Structures are given as C-alpha cells and as structure tokens.
Amino acid sequence: MREHAGTVPFTFDGKAYAGHPGDTLAAALVAAGVKLVARSFKLHRPRGIMAAGVEEASALVTVGYGAHAEPNVRATDVFLYPGLVATSQNAWPSLRHDIGAVNSLAASLIPAGFYYKTFFGPPSRWMIYEHFIRKAAGLGQPPRVADPDHYAHRSAFCDVLVVGGGPAGLAAALHAAEAGKRVILIEQDIAPGGSLLREAVTIDGAPGDQWAQTMVARIRAAGGRVLLRTTAAGYWDDNFLFAVERRVEPGQPGQGPAQVLWKLRCAEVVLATGTIERPLVFVNNDLPGVMLAGAARALALRHGVAPGRRAVIATSHDDAYRTAFALADLGVEIVAILDSRTAPAGPVIDAARARFAVFADARPLRAIRSRNALAGLDALVAGVRQRFDADCLAMSGGASPVLHLHRQAGGALAYDAARGGFLPGAGRQGNTTIGAAAGIHALASILDQADVVDPLGAATAPAPGPIWRDDVPGKAFVDFQNDVTTGDLALAQREGYTSVEHTKRYTTLGMGTDQGKTGAMVALAQIADLRGVALPEAGLTTFRPPYTPVTMGAFAGPARGDHAAPIRRLPLAAAHDALGALWVPAGAWMRPRAYPEAGESIGQASLREARMVRASVGVVDVSSLGKFEIAGPDALALVAAVCATPMAKLAVGRGRYTVMLREDGMVMDDGTLWRLAEDRWLITSSSGGAARMSRHMTYVADVLLGHPRAAVVDVGEHWAGLAIAGPRSAALLADLIGAPVPSHMGLCHGTIAGAPVRVLAASYSGERAFEVHVPGHLAHAVFAALVDAAQAAGGGVYGLDAMDHLRVEKGHVVIGAEADGRASPADLGMGGMLRKAGGFIGWQGLTRPALADQAGRRQLVGLTSIDGAGICEGAMLVVQQGEEPAGHVTTAAPRVAGQGAIALGLLTDGAARHGEVLLAWSPTRHSMVQVRVGPAVFHDPEGALYHD
Amino acid sequence: MTEMLVGPVGALLSLDLWHGTDDAAAALAAGFALPAAGRAETLPTGSVLRVGPRRWWLLGAGFSGDAIAQALGDSGTVTTIAGGWVRVQLVGSTWRGLLMDCGLIDAESPDFGPGTVAVTLLSHARCVVHVRDAMRCDLFVPASYAEHCLAQWRDLGWQQVAA
C-alpha cells in the first residue's frame, strides 16, 4: 500500500479538493469520487478516466487560468501542484447538465460523413456553417492573451539514446553508460519505472519503483543523462530526434522555461516504449467507470486509489487478472472476471479462481448507465446473457506495442497473429526496440541479470479482444476522442470508403489529439472483419510526429517577439538613428527607408532626397550589398564562369557592370566587377542575393571548376559601403581624400577621417557617383565626414526609397522585381552586354530556341503615366479592362527629374511596343492608370552625367 | 554565471590555400604551423584557426598579410576581413551549455576541448567557435548579426560586460 506524504489542494470546476504529491489529476479526482470529468467531442457523452498516461482519449481538461490556461490537457498526464485549477471543457452550462448532450439523442442524424453530406453549396455558406459546427463540437478554448511562459531549445548528442524509462530502458541505459558510452535516457513520466509503477514486483530485493530510482542514480553516476517528464515526440533521418521536457506542469506559473525542446543527435537509438492497452468493444464502453485494466491497476498500486467499490474485470488475456488482485487488496469487491477465452489456464488464473468468480467464454455486451456513470453491465457468459452490478469495469482487449518512433524512423513492422497486432521489424537507422514494445513481457526475460520476484508469475503476451458484431443495439466506441463507433466504421464500408485511409478521413478515426493510441488497432481489427480480410491486409495509417501534442511555443522556443527572425544591422545603424532614419526590412537587413523632416510624409521625404541627389549630392548606406574577393592564379577563370560580361581585358583598377546567370540562362544577380590586382577581383551583388551568390560561387569553384587555384572570400561584412552620388559628389570626395577621384568605373585608394578607404566610381542613380568602401569597424568616422561634407554642399543623406526612385528613372533593374527569376538578359535589355564567345554559366541555357527567339518574351519597358497619376506596382498591363494581361508593372516611382509618375514593367514583346498606350490595372487596389510604353531609361540615356 | 565580453575582433586575416599538398610548404613559407581541421594553434604572434577545408584565420596584429602573401606565392592568398566580425568572449563554467541552447553543436563532447574550432549556426548566425580553456570560449559573430545574437543570448541569461 502506498503511503502518502502530505496533501496538495486543487480545484476542479471550481470545487476544492485535495490530492497527494505525485498523484495525477486523474488519480486525485477518482480518489475524490469524481467520475464525470469530460464531455465527448461530438456527441457530448459523459466521459471519465479511461487510461493512466498519455494515451488517455477522453479525460481532457483545461488546466490553469488566464494567460497560463492550457486546454486539452489529459487529466492522466498532469501531476498535482498546489493551487492547480482544472476546468472541464466542451460543456455548457455545466459538465453534469450539458445542453450539448442533445447531440447524443440525435446521434442517428449525425453519423460519420454527416458534414460531407450536409454542408455543401456555395463556399460562402461555410462561413455560417463553421460558426455553428465549432460551437457544437470541439475541445478546449485557447487562451485569448499571449502565452506568458517562455520556452527553450537545447541540443544534445549521445552515443546511445534510450527512449522509455521502464525496466528494459533502465537496464539498457545503465549497460551502455557503464560501458563508457554517452547515454541519454528519456522518460515521459515524472518517475522512472514505466510498468513497474503498476506492478507488485520486487527486483533485487527492492519494490519496482525503488529499484527504478536506484537505476537512475546508477545511470547518472556512470555519466548518463536522465530526462524525466520528457517525451520523445519525433524521429527524423540520421538519428535526429526531438523531445519535449516539461519543467513545470500545465498551467503552473514558474521561473525559467516552462518547456525545453531537446534536439537530439544520436549514434544509436534504443526504443523501450512499452505498450498501450486496448479497450474492449461493447455498447456504452465509454461510460465513466469503464477503464483500461492497466489504468485501474495503476490507480491502485501507484496512487493507492480504488477506482470503484464493485469491479468487474473483462479481459482476453492473463494480464488483467493482475488488476483483480490489486483492486481486491485495496478493498474493492471483485464481482467477476470475464475472460473471452473458452478455456483460460495458467498460474495467475488458478490463483484468481481461488479468490474470485472467473467466467470463461465471457464478454461484456452493454454497460448500464445511471447518473452519467456505470451502474452495471450485461455480459454474454457461455452464450447466456447475465447482468452484473458494478461501478467499475476494468477491461483489456490486448496491448499494442508503441511503435510510433520506430515507424517514424522508417522501421518495418511484423504482424503477430497471436497478439492481433504488429511488432517492430527491422529498424532503418540502427535503432532497436526492446522490452514490451518488442513483444517481451516477462520481467525476468527483460532483466536477465536481476533477481525478479513476481508473486503472480511471469507476464505473458496479451491476446486481442473479440470482434464486436453489433450483438446488441447501441454505440460501441473504437475512437473515444472523436466519438467513432463500430457503426461508423460499418457505414464507411457500406459507402465505399473501404481503404483504411479513406475510412480514417470519412469517420475521423484516429484524428484526435490522442491520434488513436488506444483504439486504432481495435478499429483496424473491426475494419478487417467488415472487409473479410486479415488484419495486415486492412492496412495501417501513417505514424506522424509528434507522438503527443506539442505546444507551438515549444517549437518556437526563443524565436519569438524580437527574436522571431534574425535581423541584420548595418554597422552604421546608430548613426542612421541619430539622423532620424525610418527603417524598413530588406530581406534580413534593416535599412534606412528615408529621413523625414518635420511634417514630411515618407513619400515627400524620399522624393526630396532623390531630388537632392539630382541637384547636388547625397550619401546612402549600401553596406548590405554583397561583396566577394576572388584571388589566385585561376581567379580570372572563376570570375569568367560566374560573370557573363567581358572582363579578360579589364585593366587593374577598372571595373564594369556585370550580370550573373543561372545555368538555365535566367538572370540570378547583378552587380559590378572590379580588378583589384592582376589576380584579385571584387564582385558586388545585390543585398538580398548575397547569400545565394556566395553559395553559387562556392558551387562553381568546387563542383564545376574542380577546385581552381582561387579563393572566394565573402567580404560583405568586412566592408561597409557608402555611396555618394550627385553632380557635386566628385568634387566633394576629391576634397576628402585629398586626391583626384577616379573616372567612371575606375577605383582608387585613399584615407578619409584617418580610415583607409577604397573608392569605386560606379553609379546606380544615374548621376556621377562613387562607392566608398571602408572596414565596418572604422566606418563611423568616414560616414560622419561624408555626411558633413554633403550637408555643407547642400546635400545630405538619402534612403532606400529615394534610391529606388533614382534607379527607376535611370532604368536600372533590381533583383526580385525586374529580374524575377524568369527574365533572361535579353529580356532585361542586357543581351548586348554578354560575352559573345560564351563560356559563362548560363550560356548554354541561352541557346535554347525559346530564348534565342525573343518573340513572345516579356521584355523590360519604361511606362509613363499619361495623366501623371501614380502607378501601382504589380498592376497588370492590359490593352483593355478585362483582357488577359500582357505584362505587369515591376516597380513604380514618382518622376524625380520632372513631374508625374513612371514605372518599369515586363511586357510581352515590349521592345517592339514603344509608343503604345496600355492600362496599368490593379483591380484589388481599384487603380487603373493609362500608361505609355517606352524605353526603360528616363534619365540621361547617353550616360553623359557619369563623366566630369 | 557566464559573462560575455564583447568587442572588436582586432586584426583578422583569411588565409586560403588551394591544395592539401600546399599545407606544409605554406606553413614553411608563412613561418607558422597550420592547424588541422577543427583545431587552432596559439602562437606568439596570435592565433591560427582552421575555419574551412582550405581556409585558416590569422588572428592578431602579429601577422603581416603582405609578407605572408608574398611568401605563399601562387599557393594561396590572404584577405583582410576584420571589419566583418565581432568577438564575444564567454567566461564562466557554463559556456558549453549555453552554446547548446542556441545551436546544434556538441559542445559537451570530450573532444571539444581547448584548441577546438567549430563553424556553426548559433541563433541563426554563422559563427566561429574557438575553445580557449575550460572556463573560456571565444565566439566570432558576423557583425550584422551581432545585435540580434547578443540580445538573444542576454535573454538566455548571459551577462554582457564591456570587453
């Protein structure tokens, strides 16, 4: 008999109770005489405690309150803590008097497939249907405020991961740890022992639970890590598993993370996951008071709680007999043991016959209900109906090995007819299954090195319960959470949903939060019987992670709020803040969008900044651009493969605009290419494409060119980049570096504010412009000097929006908008820039007929708003409203050098349609603007402004 | 409590060699040993970290990039990269666990001892880890990710102090 150490106060539906430390909520409620715990999902039938662990399908409650409330918690899987508040769910106005129970009276009107047959019609009606469906059926309510708990992630590596802290798992973990291996043992319960917690056995002279504690201490002493209250929920390739550790119980406020999601990489995985008991099928087998025999035994032996006063045991195998002894020892009257076998025999049965009334060839037909609970049952005993008065029915229809992780890892299954189920076959990832999960039940066989004393003899393999063939009218459940009955399975078969996958979806079998842990094999046996096939032929559904529900917070871990996604900061972020920058995300980067002055909108500010550049000088931060140095004797070959433009004759100290293609010939990125020394080059790329370019160049070097004598070094983070543009930029920069600035597409080195800089004469704005590169950690002084000088010259800083206005006016494409992954160089007007001799990546792709013949391609065009109205980005380009679009607007901007609005677009055969008037039509934004098609370059098409 | 000392990385060069057979010659030419994969060497002039199959980092002002490049000739190249990295020194007994809180790295491995170098994702950023001793570990964080990483690590309980 278990001794209790103190009491723990808690409430259920507002009523105060007291339990004992280590009790589950389920055990405490049963001890307090509470049988009705929940209402079922669909029919609102009364439900009580059926299981003793994570497999519980019915007893779902909300634990905690306010922001800490956690819905759909299994009462069998939450351990008492002082102040625990539990509330029933899916019942109104009260659990006992639930209006929704009317569904049960109308059950014949809402069979499986009811929704599919009833709620059809225009999709808009679903908005109405859904409201009522969700009101009528459902689980608990999610909290309406943000989860105050926080969740952590943790990685761990080991030689051997053992999942399951029962006798087999403990023994395996200790063996490995003492052999010097790095071991992690995971157990979902708060206490180790697994099945030992519900057995009256001694091992090496100690009770099972104490032996388990000793084993944990030995594993830890040998260097192993033991994670209790941790569930291995998913098993992926390469022995990667994730497990969720509960640091506090559901609804319990606490310090530190509430849960930790462990990412486990293991050399070897040992699955000691035990079994889950199966229910028997009979009418009203879901009534409060009907429970699995193993759960009743756990209540008695682990928690010292009697599940009733008068109990009937119904079983198909020996194991449930143990429950009779356990309950009887607690003072429960064992009314009868009903064994479906015609001639059960063995030591435990002989012992039972000496104390109890044992009936062979006997099985329940119908549980009798009184006041929402079990009052007795009608049974078939040797072909004769017989009634038994009982308030507890402990049933067992066999046991199913827990094979979820084995199957997630791709393991095979082996059908065992004697057990009526599957055992694990070969593992795919070097994983092994041991103990009861592998079909080994005798403790002495599992612990062959230990002295095991089991007063009821060795446990034997459990045989399956009998098939239910609607012997009596009523509802016999196979899926207790989703209210799926044998009648639903039969209906699905009659209506042609014979495949188990179809049956599952038609009836929602196994689709609840319990994923059919208790009832799946029972249902499969029923389906196989209905189809007249053997069980393996009926098929199995997929075992998908997670094994038990995992809160989204655990998946997110620390990646929430400000940490939801990484944000890349410019080295000059603080300086931009000081200048009043408004920030905008650009990929992972945060970049200054504009620097509005008092009273200015963003649009006004960006237009002012753009016009400032056209009129005098502006400074913009381009540090986020990709930058790569390629150096070595074979650097030219590598650059020539990556860049599609000519460069072999490029002199040292010179650069040029370039474009990089994918192997299919489409534009991947663009930038500039500079020859820093004879065998050293600098390639710049777009900000968003930098990571892609880095991967691409590594691929080209290592795979396509076979490790040339050249290195690609990503110097994007090293060099801060500051572009200075405008008619006064050259003079300003020359003053700062104290030397003449290079001509367009030339470079020089110098010093600004004491920092070494590299000056590249390149323009993205259409004005004379330079990029000043300075090591990131030295950039502040250079930026300050440039801004001061620009402001003194009547200019200042400008942001991303102004830069966009300027480049649209100049007809420069941007990666992602015009170069959208479907555009070839010729589509973007760059065909003439490519090396005629080819030899670059994408060259062969461009020779495909579909690309070589430009007819029908969408080509870059400029668009001018005829009445000056703004053009919507993304708008369709059509000849008339309602026509198929001939293209779309890629980027739009106000005219900087002048008035009105302009845009760039991709238009079918656009190069031949200059002068044509189209509609830029965006029905979703209620915008239609007449535009005239023309060249993409609106500003200084000859490039005269690039030269001093 | 583990403390984070955050500061600039100091002088940092990337040394790239083309072929494995160049290692010995390059080491001879450069005048220092090139550590094997996953290892670092501490020299009077600074530290040498192997951060890739063909890439080493030279940390410290004692390395002359021009001189090393000249010595290497056509067998390798040297590139300055100091501006792109922030050094975070972890000081305390729990730094291994803290690494495993924000990355998938086996920092508890017995092989992950002093002199070990790893390149791995920590808090979404590709970082370089250099184990100094039982109580100290250097992290090199891409400068643009540093604010994000440091904020997350502070939330994990790391205490940031000035370097």
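Residues numbered from 1 in each chain as written. Chains lettered and ligands numbered in written order. Predicted model: local features only at pLDDT ≥ 70, side-chain atom pairs only at ≥ 80, totals over all residues. Heavy atoms only, no water.

*Asks:* Help me out: how do you make sense of the domain arrangement of chain B in this one?
*Replies:* All names here are of chain B. Under the domain assignment used here, chain B contains domain 1 (2-7 + 84-161) and domain 2 (10-82). In this complex, domain 1 contributes 12 residues to the contact, which on the side of domain 2 involves 12 residues. Summed over both sides, the interface between domain 1 and domain 2 buries roughly 990 Å², with carbon and sulfur atoms accounting for 57% of that surface. Contact with domain 2 buries area across many residues of domain 1, yet Trp85, Val117 and His130 alone supply 43% of it, more than any other trio. The tally of links from domain 1 across to domain 2 stands at 7 residue pairs in polar contact (both at pLDDT 80 or more). Where the side of domain 1 that touches domain 2 is concerned, the elements lending two or more residues are β7 (85-91), β8 (117-122) and β9 (125-133). Residue classes in the side of domain 1 that touches domain 2 are distributed as 6 nonpolar, 5 polar and 1 charged. (Domains from an automatic or database assignment. Contact = heavy atoms within 4.5 Å. Buried area = accessible area lost by both parts, 1.4 Å probe. Polar contact = N/O pair within 3.5 Å; in protein donor to acceptor, adjacent residues only side chain to side chain. Helix = DSSP H or I, 4+ residues; strand = E, 2+ residues; numbered from the N terminus. Nonpolar A, V, L, I, M, F, W, Y, C, P; charged D, E, K, R; others polar.)

*Asks:* Looking at this structure, I do not really get the state of the cysteines. What am I missing?
*Replies:* Covalent bonding between the sulfur atoms of two cysteines is what defines a disulfide. By the definition in use, this model includes 0 disulfides over all chains. B:Cys102 takes part in no disulfide bond, and the closest cysteine sulfur to it belongs to B:Cys149, at a distance of 7.7 Å. (Disulfide = S-S within 2.5 Å.)

*Asks:* Please clarify how empty space enclosed by the protein should be interpreted in this entry.
*Replies:* Over the atoms rolls a probe the size of a water molecule, and in doing so it shows where empty space is left. Residues and elements named next belong to chain A. Enumeration according to the criterion identifies 7 cavities of 30 Å³ or more in this entry. Approximately 510 Å³ is the volume found for the second largest cavity. Lining of the second largest cavity is provided by 28 residues; of these, Gln515, Gly516, Ala520, Thr541 and Phe543 occupy positions nearest its centre. Among the secondary structure elements, those contributing two or more residues to the lining of the second largest cavity are β25 (399-401), β27 (421-424), α13 (500-507) and α14 (520-531). Class assignment of the residues belonging to the lining of the second largest cavity gives a composition of 15 nonpolar, 9 polar and 4 charged. (1 Å grid on protein atoms, 1.4 Å probe; cavity = no way out; pocket = protein on both sides within 12 Å on 5 of 7 lines; lining within 4 Å. Points joined across faces, edges and corners; volume = space filled by probe spheres on them.)

*Asks:* Just to check I follow, could you spell out the sheet that holds strand β10 (residues 202-203) of chain A for this structure?
*Replies:* Two pairing modes exist for strands in a sheet, parallel and antiparallel, and in both the strands are linked by backbone hydrogen bonds. Residues and elements named next belong to chain A. The strand order across the open sheet formed by 3 strands is β11-β10-β29, and the pairing between neighbours is antiparallel. Since the sheet does not close on itself, it has two edges, and those belong to β11 (206-207) and β29 (452-453), each with one partner. Sheet topology note: the β10/β11 ladder contains 2 bridges and is antiparallel. Residue pairing in the sheet places Thr202 in a bridge with Pro207 of β11. (Pairing = 2+ DSSP bridges.)

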